[in-house]
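The lines below spell out each chain.
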Amino acid sequence: MNAHVKPATELSRRSLLKAGAGLVLGVYVARSGIAFAEDAPAAKSVNIVPNTFLVIGKDDTVTVLCKHIEFGQGPFTGMATLVAEELDADWAQMRADHAPSNPVLYKNLLFGVQGTGGSSAISNSYEQMRKVGAAAREMLVAVAADEWKVPAGEITVEKGVIKHASGKQSGFGAFAEKAMQLPVPANPKLKDPSEFKLIGKEGAVKRLDTIAKSNGTAEYTLDIHDPGTLTVLVARSPRFGGKVASFDASAAKAVPGVFDIKEVPNGVAVYAEGFWPAKTARDLLKISWDDSKAEKRGTDQLLNEFRALSKTSGALVKQEGDVEAEIAKGGRLIETEFVFPYLAHAPMEPINAFIHWKGDTASARYGSQFPTPDHAVIAQVLGLDISKVELKTILAGGSFGRRAQQSTHVAMELAQAAKAIGPGRPIKLVWTREDDMRAGYYRPFGVHRMRGVVRDGKIVAWADTIVGQSIMKGSPFEAMTFKDGLDSTAYEGSNDIPYAVPNFRCDLHQVDVGVPVLWWRSVGHTHTGYAVEAFVDQLLEAAGQDPVEGRLAMMADKPRHAGVLKAVAELANWKGAKVEAGRARGVAVVESFNTFVAQVVELSMGADGPVVHKVWCAVDCGVAVNPDIIRAQMEGGIGFALGHILYAQQTLDGGVPVSGNFNTYRSLRINEMPEVEVVVVPSTEKPSGVGEPGVPPLGPAVANAMAKLGLPRPTQLPIRPGDTA
Amino acid sequence: MAAFTLKINGREHQIDVDPNTPLLWAIRDNVGLTGTKYGCGVAQCGACTVHLDGQTLRSCSLPVSAVGKSEVTTIEGLNSKEGGAVQKAWAALDVPQCGYCQSGQIMSATALLELNPKPSDQDIDLAMNGNLCRCATYVRIRAAIHAAAKSLEG
């Protein structure tokens, strides 16, 4: 992506829409003066239709079209909060739906294409969505002024009611059609934060998606049953990089309900009337695989290779002072190796996607996290102009990074499966849990070799040699994330530790492995957060310092790190790591995606491993738009992280992924969920995201608490590798 | 293939399927009720939880041929006072995140309250630990079950 700065854009586009029976107000408010890219591949030829973020119905409902996918992190509610705030709408009239694929209108202002990731939904939309609401408000007021023959300045709007002192009043719906005819104000006046009624206010809004998610009516991709839809299951190579050599489908074809069986680039696709016939038939396929180009190494072998590399210096990421000279001066040298496993995302709804290819046109809908590249690849595979292809994002049952596919592998497989049987029948591509868990796209496997020197009660040298696989190499994001040939997501958090250490070195061995890898909730911080925060705790212990006080002493120029650390210490009433008999506390603080999170964990040792009783959490994400959603993301991030550091790993045996389901890829259960207390630190900084940043501090805080109980600090994750369901 | 009559949410449905078809897929693909979800297929996650004669059941692991005359209740047919209280508590506390597991969570929570109107934390652990939530909404699930129990005290 070639980002460039575009000058302030006039608010130019609007269009009339009909949504159901209601007349609607379409408002498009362009942002101004932020770096972005216009040259996304799909951008030039796309058919721009619904030029809007906002639909106001005759019935006064206000529907916000959300450019970000809702998979639990809360953008439906977040975008609607921003619009409703400036529109002075009543929360009860607010609705949200996904925007269709359109890289010009609905691009993420951080990426330049439409997509959700990097905990960026609120941060990139904060001003944009407020302007949408403010512009719509000014237009509605202008119509009211004209109708009532009163000055616009005398009109007020409160909780969805437009009012004048003369007693005249109206809802939004009555004026929406006329408002449509007006020019969109270029610079609508935004509220001063002191005037906010919804943003940052406790209890002011409820999630817009809760009811549908509590009564079974929320529609996910797996629920699509358009008439004539065939369910498609694909048999894929057990090893990464394997290809079909030959196959025999005779037994599979005989299964009642099977419509067809075709070879596709990824394997062999079974098309059937429903899941069970498709699965039954797929189990009967006899396929011989060509593994000549497949990855055949197991994780044991990878560990040996990575471990050997970690004992040599990698490509330099950052250096200050001279670590080796400092080591030579003496003091206590501490060396620790941390090993991180491959992790599957395992969202509750496994991967799936739906498309109806009609020949001249195609219509796809599923939980696409990156609509722009998905849209382009579907059009390309089907040989259609992108203007003939629709892509609609719908709710997805979790992601944790899994649905943000820079490789577009699911969109491609969907389109290839459609192409293989030709136009006509709609198809729903369904992956089983085992398909999803064994398909790769894991959090990369990796090693950190840390060395530190403690002298006179101070940390005087710090070195971190990382061995890992690049997530971004070969992807459309390579240009954005690579620096000097190195993937910054492999070391983010390790090169910029918040602690002032005079001699510092961070280097990286970027290793190629034939296992597809992907970002996983908090990306590089999943391992760098653990390595840095467990190691600093180890060094502080050697230096005889308190984990909280010792950290604060090295954070003089890191006010936001220090701020959350102090806040969590106060919340937890921190008086040192040792608490009542049999229990201990650990702490960690990690910044990710410009959000700062500190956590204190209190645990004891059970018969099978650590039992985490309580987690205190302080978060600084700038202006807090929806405090309850922020708390929910911290609670969920803590549970997600705890399950993984205790139990989760995907191992490879001769290149074949071993775990296929939750019986061996153990997930946290309710009886293991600690009590959680969250404080949202007040801030006037720009808002930043919360979907990911609750994850990284939890693991090292657990490790640090275990060390305070006199147990070994876990250096190879997961902590309980043999534990199954 | 064989013909079966399933009694779901008080209505009878005739379907013609492979007798080994799990009840889950009969409910979803043949009857067309999609609130009950697929998450693992091996009774490990609880996303497919329904009630069979009032007891929780992992519908992914019971063949349709074994259902017999039993009455199936899915999230769409949840109409007991406990079910209503659970759904209200879910809304009051904004429990769901991605929402995909929540039909199963609500079916398990409702069955718990129908059996035990005032569950302790340990009772909740026992009744709910077969329902995974990858978003880890567990703190709120627990709080919402307690809130629902309180609301049923009258």
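Reading the values: rules and limits
- Residues numbered from 1 in each chain as written.
- Chains lettered and ligands numbered in written order.
- Predicted model: local features only at pLDDT ≥ 70, side-chain atom pairs only at ≥ 80, totals over all residues.
- Heavy atoms only, no water.
- Helix = DSSP H or I, 4+ residues; strand = E, 2+ residues; numbered from the N terminus.
- Rg over C-alpha atoms; globule rule 2.2 N^0.38 Å.
- Buried < 20%, exposed > 50% of the residue type's maximum accessible area, 1.4 Å probe, protein only.
- Contact = heavy atoms within 4.5 Å.
- Areas by Shrake-Rupley, 256 points an atom, 1.4 Å probe, with all protein chains shown as cover.
- Lys, Arg positive; Asp, Glu negative; His and termini not counted.
- Charge placed at Lys NZ, Arg CZ, Asp CG, Glu CD.
- 1 Å grid on protein atoms, 1.4 Å probe; cavity = no way out; pocket = protein on both sides within 12 Å on 5 of 7 lines; lining within 4 Å.
- Points joined across faces, edges and corners; volume = space filled by probe spheres on them.
- Nonpolar A, V, L, I, M, F, W, Y, C, P; charged D, E, K, R; others polar.
- Salt bridge = Lys/Arg side-chain N within 4 Å of Asp/Glu carboxyl O.
- Domains from an automatic or database assignment.
- Polar contact = N/O pair within 3.5 Å; in protein donor to acceptor, adjacent residues only side chain to side chain.
- Buried area = accessible area lost by both parts, 1.4 Å probe.
- Pairing = 2+ DSSP bridges.
- Core = buried A, V, L, I, M, F, W, Y, C linked by side-chain atoms within 4.5 Å.
- Axes fitted to C-alpha atoms, helices over the stretch in contact; angles between N-to-C directions.

What follows covers the overall build of chain A. Across its full length, chain A holds 16 helices and 32 strands. For 725 residues, the compact-globule estimate of 2.2 N^0.38 gives 27 Å, and the C-alpha radius of gyration of chain A, at 27 Å, lies within 12% of that figure. Its C-alpha atoms give chain A principal-axis dimensions of about 85 × 70 × 45 Å. When burial is assessed residue by residue, chain A has 64% of its 725 residues classed as buried. Considering only residue pairs separated by 6 or more positions, chain A has 77% of its internal contacts joining residues 24 or more positions apart. Of the roughly 25700 Å² that chain A leaves accessible, carbon and sulfur atoms contribute 51%. Averaging the positions of the 77 positive and the 80 negative side-chain charges in chain A gives two centres separated by 2 Å.

Assigned secondary structure in chain B consists of 5 helices and 5 strands. The linear arrangement of helices and strands in chain B, starting from the amino end, is β-β-α-β-β-β-α-α-α-α. Against the globule reference of 15 Å for 154 residues, chain B gives a C-alpha radius of gyration of 15 Å, in line with a compact fold. Each of the three principal axes of chain B carries a C-alpha extent, and together these read 45 × 30 × 25 Å. Each of the 154 residues in chain B was classed as buried or not, and the buried ones make up 60%. A sequence separation of at least 24 residues applies to 57% of the contacts in chain B between residues at least 6 apart. Taken together, the 13 basic and 14 acidic charged side chains of chain B have centroids lying 5 Å from each other.

Before going further, it helps to spend a moment on empty space enclosed by the protein. Residues and elements named next belong to chain A. Scanning the entire structure with this criterion turns up 9 cavities of 30 Å³ or more. The set of elements that each furnish at least two residues to the lining of the largest cavity consists of α12 (525-542), α15 (627-647) and α16 (698-708). Residue contributions to the lining of the largest cavity peak at 3 residues, all from α15. Partitioned by chemical class, the residues of the lining of the largest cavity number 13 nonpolar, 3 polar and 1 charged. What the second largest cavity holds in volume is close to 110 Å³. Considering the residues around the second largest cavity, the lining is formed by 17 residues, among which P444, G468, Q469, A490 and H527 are closest to the centre. Of all the secondary-structure elements, those providing two or more residues to the lining of the second largest cavity are β22 (446-455), β23 (458-468) and α12. Per-class residue counts for the lining of the second largest cavity are 8 nonpolar, 8 polar and 1 charged.

Take the pattern of salt bridges next. All names here are of chain A. One pass over the structure, following the stated rule, counts 54 salt bridges over all chains. Residue D291 pairs with R239 through a salt bridge whose shortest N-O separation is 2.8 Å. Pair noted here: D291 is in the loop between β15 (286-290) and α6 (299-310) and R239 is in the loop between β11 (230-236) and β12 (243-248), with a separation of 52 residues, a long-range link. Given the relative accessible area of 25%, R239 is considered partly exposed. A salt bridge links K708 to E541, with the nearest nitrogen and oxygen atoms 3.2 Å apart. With K708 in helix α16 and E541 in helix α12, this residue pair connects regions lying 167 residues apart in the sequence. We classify K708 as buried; its relative accessible area is 14%. Residue classification places E541 among the partly exposed positions, given a relative accessible area of 39%. In this structure, a network of salt bridges that share partners links the residues E533, D537, E541, R551, K708 and R713.

The next subject is the domain arrangement of chain B. Residues and elements named next belong to chain B. Looking at chain B, the domain boundaries give domain 1 (2-77) and domain 2 (81-152). Using C-alpha coordinates to define each centre, domain 1 is positioned 21 Å away from domain 2. The interface of domain 1 with domain 2 comprises 16 residues on the first partner and 13 residues on the second. Between the two partners, domain 1 and domain 2, sit 0 salt bridges. For the pair domain 1 and domain 2, the number of links is 7 residue pairs in polar contact (both at pLDDT 80 or more). Considering each element in turn, the side of domain 1 that touches domain 2 owes the most residues, 3 residues, to strand β3 (residues 49-52). Its residues placed into classes, the side of domain 1 that touches domain 2 shows 5 nonpolar, 9 polar and 2 charged.

Every contact between the two is made by 49 residues of chain B and, on the other side, 57 residues of chain A. Of the roughly 4400 Å² buried at the junction of chain B and chain A (both faces included), carbon and sulfur atoms supply 57%. Area buried by chain B at its contact with chain A is led by Q97(B), Y100(B) and R134(B), which between them contribute 20% of it. Between R28(B) and D223(A) there is a salt bridge; the shortest N-O distance is 2.9 Å. The tally of links between chain B and chain A comes to 30 residue pairs in polar contact (both at pLDDT 80 or more). Looking at the side of chain B that touches chain A, the elements with two or more residues in it are α1 (23-31), α2 (81-92), α3 (102-115), α4 (121-128) and α5 (138-152) of chain B. When residues in the side of chain B that touches chain A are grouped by element, the largest group, 5 residues, is from α5(B). Of the residues contributing to the side of chain B that touches chain A, the split by class is 26 nonpolar, 13 polar and 10 charged.

What follows concerns the pairing of β11(A). Residue and element names in this part refer to chain A. Burial analysis of β11 places 7 of its 7 residues in the buried class, the great majority of the element. Burial along β11 is two-sided: L230, V232, V234 and R236 facing one way and T231, L233 and A235 facing the other are all buried. When β11 meets strand β21 (residues 427-430), the two strands line up parallel, connected through 3 bridges. If you follow T231 over to β21, its bridge partner there is K428. As paired strands, β11 and strand β14 (residues 267-272) are joined by 6 bridges and run antiparallel to one another. In the strand pairing of β14, R236 is matched with G267.

On to the nonpolar core. The tendency in soluble globular proteins is for nonpolar side chains to be buried side by side. Residue and element names in this part refer to chain A. W462 and V702 are the most contacted members of the largest nonpolar core, which has 224 residues in total. Top element by residues in this core is helix α2 (residues 121-148). It accounts for 14 residues. If near-sequence neighbours (up to four positions away) are discounted, V702 is found in contact with V601, L603, V612, L642, I645 and I719. Grouped together as the second largest cluster of nonpolar side chains are 32 residues, A269, L382, I386 and I427 included.

All names here are of chain A. Pairing is mixed across the open sheet formed by 7 strands, whose spatial order is β13-β14-β11-β21-β18-β19-β20. Edge positions in the sheet fall to β13 (258-264) and β20 (389-393), since each of these pairs with one other strand and no more. Each strand of the sheet is rotated relative to its neighbour by a mean of 20 degrees, with strand direction disregarded. Packing of helix α8 (residues 371-382) onto the sheet brings it into contact with β18 (352-357), β19 (362-366) and β20, and relative to β20 it is tilted by some 145 degrees.

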